[in-house]
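For reference, the chains in residue letters:
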Amino acid sequence: MALPKLTPEQRQAALAKAAETRTARAKLLAEVKAGSVSLEQLLGRDDDIAKRIKVSQALRALPGIGNVKAAQLMAEADVDEARRLGGLGAQQRRKLIEAVVG
């Protein structure tokens, strides 16, 4: 499927919206890193910003969790490495929370 042709104004608006979204996602991950938002709160959010965050990125934002630990937690919870928070099932969410907390 070919991409639609955009006018320069439409392209500029799309670029601005994408930049806003990236900024909001980075701000949310910074709050997770600072400890003001827990993994459980992040998984409970129903907005598009949180839903589009990759699970591995969200786990790495948690204090004390790096690439290796994030990969282990995702394997324990049967979560694919490309999965985003919005695509997690209830059981996968529960397993991730239990693995991080316990």
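Look up: the structure comes first, before these words.
These lines cover the structure that appears in this document, whether it is placed above or below. Just so we're clear, the structure is a prediction, and the values are computed from it rather than from any experiment. (Residues numbered from 1 in each chain as written. Predicted model: local features only at pLDDT ≥ 70, side-chain atom pairs only at ≥ 80, totals over all residues. Heavy atoms only, no water.)

**Considerations on the side chain of Gln 92**
Move 1: Tracing the backbone through its elements, the reader meets Gln 92 in helix α6 (residues 90-101).
Move 2: Its relative accessible area of 18% is what places Gln 92 among the buried residues.
Move 3: Among residues more than four places away in sequence, those in contact with Gln 92 are Ala 77, Asp 78, Val 79 and Gly 87. (Helix = DSSP H or I, 4+ residues; strand = E, 2+ residues; numbered from the N terminus. Buried < 20%, exposed > 50% of the residue type's maximum accessible area, 1.4 Å probe, protein only. Contact = heavy atoms within 4.5 Å.)

**Things to note about the pattern of salt bridges**
Move 1: As enumerated under the stated definition, the model contains four salt bridges in all.
Move 2: Here Asp 46 and Lys 51 are joined by a salt bridge, their closest N and O atoms 3.3 Å apart.
Move 3: Residue class for Asp 46 comes out exposed when judged on its relative accessible area of 62%.
Move 4: The residue Asp 78 makes a salt bridge to Lys 95 at a minimum N-O spacing of 3.3 Å. Of this pair, Asp 78 sits in the loop between α5 (67-76) and α6 while Lys 95 sits in helix α6, placing them 17 residues apart in sequence. (Salt bridge = Lys/Arg side-chain N within 4 Å of Asp/Glu carboxyl O.)

**Section: helix α1 (residues 8-34)**
Move 1: Compared with an ideal rise of 1.5 Å per residue, which puts 27 residues at 39 Å, α1 spans 39 Å between its outermost C-alpha atoms and is within 8% of the ideal.
Move 2: Within α1 the residues assigned to the buried category are Leu 28, Leu 29 and Val 32.
Move 3: Considering only its buried residues, α1 is in contact with α2 (39-44), α3 (48-51) and α4 (55-61).
Move 4: Gly 35 sits one or two residues past α1 and shows a positive phi near 90°. (Expected span 1.5 Å × (residues − 1).)

**Let's talk about the side chain of Ser 56**
Move 1: Take Ser 56: it is sitting in helix α4.
Move 2: Residue Ser 56 is classed as buried on the basis of its relative accessible area, which comes to 13%.

**Section: the nonpolar core**
A general tendency of soluble globular proteins is for nonpolar side chains to be buried together.
Move 1: One finds Leu 42, Val 55, Leu 59, Leu 85 and Leu 96 to be the most contacted residues of the largest nonpolar core, which totals 23 residues.
Move 2: Those elements giving two or more residues to this core turn out to be α1, α2, α4 and α5.
Move 3: Counting residues per element, this core draws most heavily on α4, which supplies four residues.
Move 4: Other than its neighbours up to four places away in sequence, Leu 85 contacts Leu 42, Leu 43, Ala 50, Lys 51, Ile 53, Val 55, Ala 58 and Arg 93. (Core = buried A, V, L, I, M, F, W, Y, C linked by side-chain atoms within 4.5 Å.)

**A word on α5**
Move 1: Along α5, the residues classified as buried are Ala 70, Leu 73 and Met 74. The buried residues of α5 all sit within an arc of 100° when viewed along its axis, so they share a single face. Structural note: α5 exposes Val 68, Ala 75 and Glu 76 on the side pointing more than 90 degrees away from its buried face.
Move 2: Looking one or two places after α5, you find Asp 78, whose phi comes out positive at around 55°. (Arc of directions from axis to C-beta.)

Just geometry here; none of it tells us what the structure is for.
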